[in-house]
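# Working through the structure, step by step
Spelled out from the first residue to the last, the chains are:
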Amino acid sequence: MRVLVLGGTTEASALAKLLADDKRFSTTLSLAGRTSNPRPQPLATRIGGFGGVEGLVPWLRDEKVDAVIDATHPYAAQMSANAAAACNQTGIPLGSIVRPPWRRQEEDSWRIVPTAEAAAAALGKTPLRVFLSLGRQDLHAFASAPQHRYLARTIEAPEQAALPPNIRILQARGPFDRDSEAKLLSDEEIDVIVSKNSGGSATYAKIEAARELDLPVIMIARPDKPAGHVLHSPEEAVAWLHDRAPGSLRGV
Ligand code: NAP
């Protein structure tokens, strides 16, 4: 069975590992190419966009793909929309690993905004020290609020053009732990955090640290993105694929 996994997440890497060891599947992992030094993967990997739905449909046909697993990040809405449209056109089954969002706890002070631009506006006029825990593509939105001092943590260095003037980049890749997050926020005298609701454990420590330090979080809401058959874990994705593999009870 030929499988395409749309990746760029912890779940996609875990699924790649499970499928690499399973002889029933011939799997390709697809990455957008956002990181210049992606973690090595145990199976065939292709890097870069497909060229929209128009590119993905012939790719799926040429590669004789039998099933697609969308394991992209909750904020990667375009890729998920393309996958849904292409699978719909070709009749290829689509499974989507959906990572549950973080839930606000009683002690949390969250303000939910729809976009990075709205987050920049929500910071207000008074100069603050802001921790931006966002992808590098989202940093430009804060150029519209140059009165603040920013510390931005990104995996890759952002392009300098159109960044806010008072910004310092901290290049690091999770997972992060709560104590070091609390130390970072205290040492840097951070007043407010801007975050996405990524879910998962790898980057949750900053939310716990914010709770501990009584810091407000401006949370950029998740975009709506289409999903195929909803799957909750890499293991569930393997079971779903097994059910569709030739020779399985569902496959015959
Ligand atoms: P996006 O806005 O949904 O995608 C933009 C375009 O990038 C897509 O139309 C597609 O290009 C290409 N693309 C995205 N994911 C791809 C994949 N797995 N394989 C091949 N092409 C892909 O996505 P994004 O927000 O830029 O995220 C890009 C990648 O980073 C995803 O793999 C995502 O899982 C990962 N990521 C994103 C975030 C986030 O906050 N957005 C955080 C962590 C990781 P074509 O139309 O040309 O096919």
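Heads up: the structure comes first, above all this text.
Residues numbered from 1 in each chain as written. Predicted model: local features only at pLDDT ≥ 70, side-chain atom pairs only at ≥ 80, totals over all residues. Heavy atoms only, no water.

Pairing is parallel in the open sheet, where 6 strands are placed in the order S6-S11-S10-S7-S8-S9. The open sheet has two edge strands with one neighbour each: strand S6 (110-113) and strand S9 (167-171). Each strand of the sheet is rotated relative to its neighbour by a mean of 20°, with strand direction disregarded. Looking at chain direction, strand S10 (residues 192-196) and strand S11 (residues 217-220) are connected through 4 bridges and run parallel. (Pairing = 2+ DSSP bridges. Helix = DSSP H or I, 4+ residues; strand = E, 2+ residues; numbered from the N terminus. Axes fitted to C-alpha atoms, helices over the stretch in contact; angles between N-to-C directions.)

Looking now at the packing of helix H5 (residues 178-187) against helix H6 (residues 205-213). Relative orientation of the contacting elements H5 and H6 amounts to 60°, with a least axis distance of 8 Å. Put simply, H5 runs oblique to H6. In terms of crossing hand, the pair formed by H5 and H6 is right-handed. On H6, the residues touching Arg178, Glu181, Ala182, Leu185 and Ser186 of H5 are Ala205, Lys206, Glu208, Ala209, Ala210, Glu212 and Leu213. Of the residues belonging to the contact of H5 with H6, the class tally is 6 nonpolar, 1 polar and 5 charged. (Parallel < 35°, antiparallel > 145°, perpendicular 65-115°, else oblique. Left-handed = near helix turned anticlockwise from the far one by under 90°. Contact = heavy atoms within 4.5 Å. Nonpolar A, V, L, I, M, F, W, Y, C, P; charged D, E, K, R; others polar.)

The omega torsion across glycine 174 and proline 175 is 0°, close enough to zero to call that bond cis. Here proline 175 lies in the loop between S9 and H5. Positive phi outside glycine occurs at glutamate 189, with the angle close to 50°. In this structure glutamate 189 comes out as exposed when scored by relative accessible area, which is 54%. (Buried < 20%, exposed > 50% of the residue type's maximum accessible area, 1.4 Å probe, protein only.)

Under the defined criterion, the tally for this structure stands at 3 aromatic pairs. Judged by centre distance (5.4 Å) and plane angle (75°), the rings of phenylalanine 50 and tryptophan 59 are edge-to-face. On the basis of relative accessible area, tryptophan 59 is assigned to the buried category, the value being 19%. For the ring pair phenylalanine 142 and tyrosine 150, a centre distance of 5.7 Å and an interplane angle of 65° mean the geometry is edge-to-face. The class of phenylalanine 142 is buried, set by a relative accessible area of 0%. Over the ring of phenylalanine 50 we find arginine 46; its NZ or CZ atom is 3.9 Å from the centre of that ring. When the ring centre of phenylalanine 176 is taken as origin, the NZ or CZ atom of arginine 153, which lies over that ring, is 3.6 Å away. (Phe/Tyr/Trp six-rings, centres within 6.5 Å; stacked < 30°, edge-to-face > 60°. Lys NZ or Arg CZ within 6 Å of the ring centre and 35° of its normal.)

Judged by nonpolar contacts, the single largest core of 22 residues is most densely connected at Leu123, Leu132, Phe142, Tyr150, Val194, Ile218 and Ile220. Of all the secondary-structure elements, those providing two or more residues to this core are helix H4 (116-122), strand S7 (129-133), strand S8 (149-154), S10 and S11. If you tally residues by element for this core, the top one is H4, at 4 residues. Leucine 132 has contacts with Leu139, Phe142, Tyr150, Leu151, Ala152, Arg153, Ile167 and Val194, leaving out every residue within four places of it along the chain. Counting 21 residues, the second-largest nonpolar core is a separate cluster that includes Leu15, Leu29, Leu43 and Ile69. (Core = buried A, V, L, I, M, F, W, Y, C linked by side-chain atoms within 4.5 Å.)

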